[in-house]
Amino acid sequence: MATKKVDPHETRAAVLAVADWLRDESLPAPPRAQVAAAVRTTARTLAQDAPGATVEVRVPPFVAVQCLEGVRHTRGTPPNVFECAPREWLLLATGLLDLADAVDEHRVSVSGHRAADIAAFLPIVRVT
């Protein structure tokens with residue numbers, strides 16, 4: 001099944017809509033639909049930029065994507081899983097949080113020897 005390409009302008013616009021909240025956690029959270037759009041477009045951009053099915057990236061409740069070339073996973077629990085909350089994902093996707101720091105601080109969950117390899121594709125959209 002062919003998937004629709006992610007428009008980089010759409011991704012950037014979705015991220016910019018929540019950027020103030022990412023920079024300042026004390027601000028009220030943006031509407032759920034805005035957070036969802038930013039999470040989905042950035043995760044799908046990762047899957048597009050790093051095609052494959054070796055690592056499953058989960059950002060509940062909004063999206064799960066498979067990425068990175070290598071051994072393909074098709075059934076049961078994937079051996080390489082990256083999972084985090086939407087805000088943490090967006091911080092990583094924008095370069096406002098380093099993946100190694102996020103792992104050390106237990107802000108993300110990585111399992112399997114390839115899960116942290118997504119770091120090579122971060123950030124997806126830089127915000128300043």
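Up top is the structure.
First things first, this report covers the structure right here in the doc. Since we're looking at a predicted model, the values are computed, not measured. (Residues numbered from 1 in each chain as written. Predicted model: local features only at pLDDT ≥ 70, side-chain atom pairs only at ≥ 80, totals over all residues. Heavy atoms only, no water.)

1. Here we look at the packing of helix H1 (residues 8-16) against helix H3 (residues 32-49)
This is how the line gets drawn: Helix axes use the C-alpha atoms of the stretch in contact, all axes being lines fitted to C-alpha atoms, and the angles between their N-to-C directions lie in the range 0 to 180 degrees. Only DSSP runs of H or I reaching four residues or more are called helices, and only runs of E reaching two or more are called strands; each is numbered from the N terminus. Angles below 35 degrees are treated as roughly parallel, those above 145 as roughly antiparallel, those between 65 and 115 as roughly perpendicular, and all remaining angles as oblique. If you view the pair so one helix is near and one far, a crossing is left-handed when the near helix is turned anticlockwise from the far one by less than a right angle, and right-handed when it is turned clockwise. Contacts were defined at the residue level, with two residues in contact if any of their heavy atoms lie within 4.5 Å. Three classes are used: nonpolar for Ala, Val, Leu, Ile, Met, Phe, Trp, Tyr, Cys and Pro, charged for Asp, Glu, Lys and Arg, and polar for all others, with Gly counted as polar.
The interhelical angle for the contact between H1 and H3, taken along N-to-C directions, is 140 degrees, at an axis separation of 8 Å. One way to sum up the angle between H1 and H3 is to call them oblique. Note that H1 runs across H3; the crossing there is left-handed. Every residue of H3 that contacts H1 at Glu-10, Thr-11, Ala-14 and Val-15 is listed here: Ala-37, Ala-38, Thr-41, Thr-42 and Thr-45. Classifying every residue of the contact of H1 with H3 by side-chain character gives four nonpolar, four polar and one charged.

2. A look at the packing of aromatic side chains
For the record, the criterion: Geometry of aromatic contacts follows a simple scheme: Phe, Tyr and Trp rings, the Trp one being its six-membered ring, pair when their centres are within 6.5 Å, and the pair is stacked under 30 degrees between planes, edge-to-face over 60, tilted otherwise. Relative accessible area decides the class of each residue, using a 1.4 Å probe on protein chains only: under 20% of the type maximum gives buried, over 50% gives exposed, and in between gives partly exposed.
As enumerated under the stated definition, the model contains one aromatic pair in all. With a centroid separation of 6.0 Å and 70 degrees between ring planes, the pair formed by Phe-82 and Trp-89 is classed as edge-to-face. Phe-82 sits in the buried class, given a relative accessible area of 0%. For Trp-89, a relative accessible area of 0% puts it in the buried group.

3. Description of the sheet that holds strand S1 (residues 55-59)
We count it as follows: Paired strands, as defined in this entry, are two strands with at least two bridges between them according to DSSP.
The strand order across the open sheet formed by four strands is S2-S1-S3-S4, and the pairing between neighbours is mixed. Each end of this open sheet is capped by a strand with a single partner; those strands are strand S2 (63-67) and strand S4 (108-111). Mean inter-strand twist for the sheet, computed between neighbouring axes without regard to direction, equals 15 degrees. Across three bridges, S1 lies against strand S3 (residues 81-84) in parallel orientation. Within the sheet, the bridge partner assigned to Glu-56 lies in S3 and is Val-81. Relative to S2, H3 is tilted by about 10 degrees, and along the sheet it contacts S1 and S2. Its contacts with the sheet put helix H4 (residues 86-93) on S1, S3 and S4, and the angle it makes with S3 is roughly 110 degrees.

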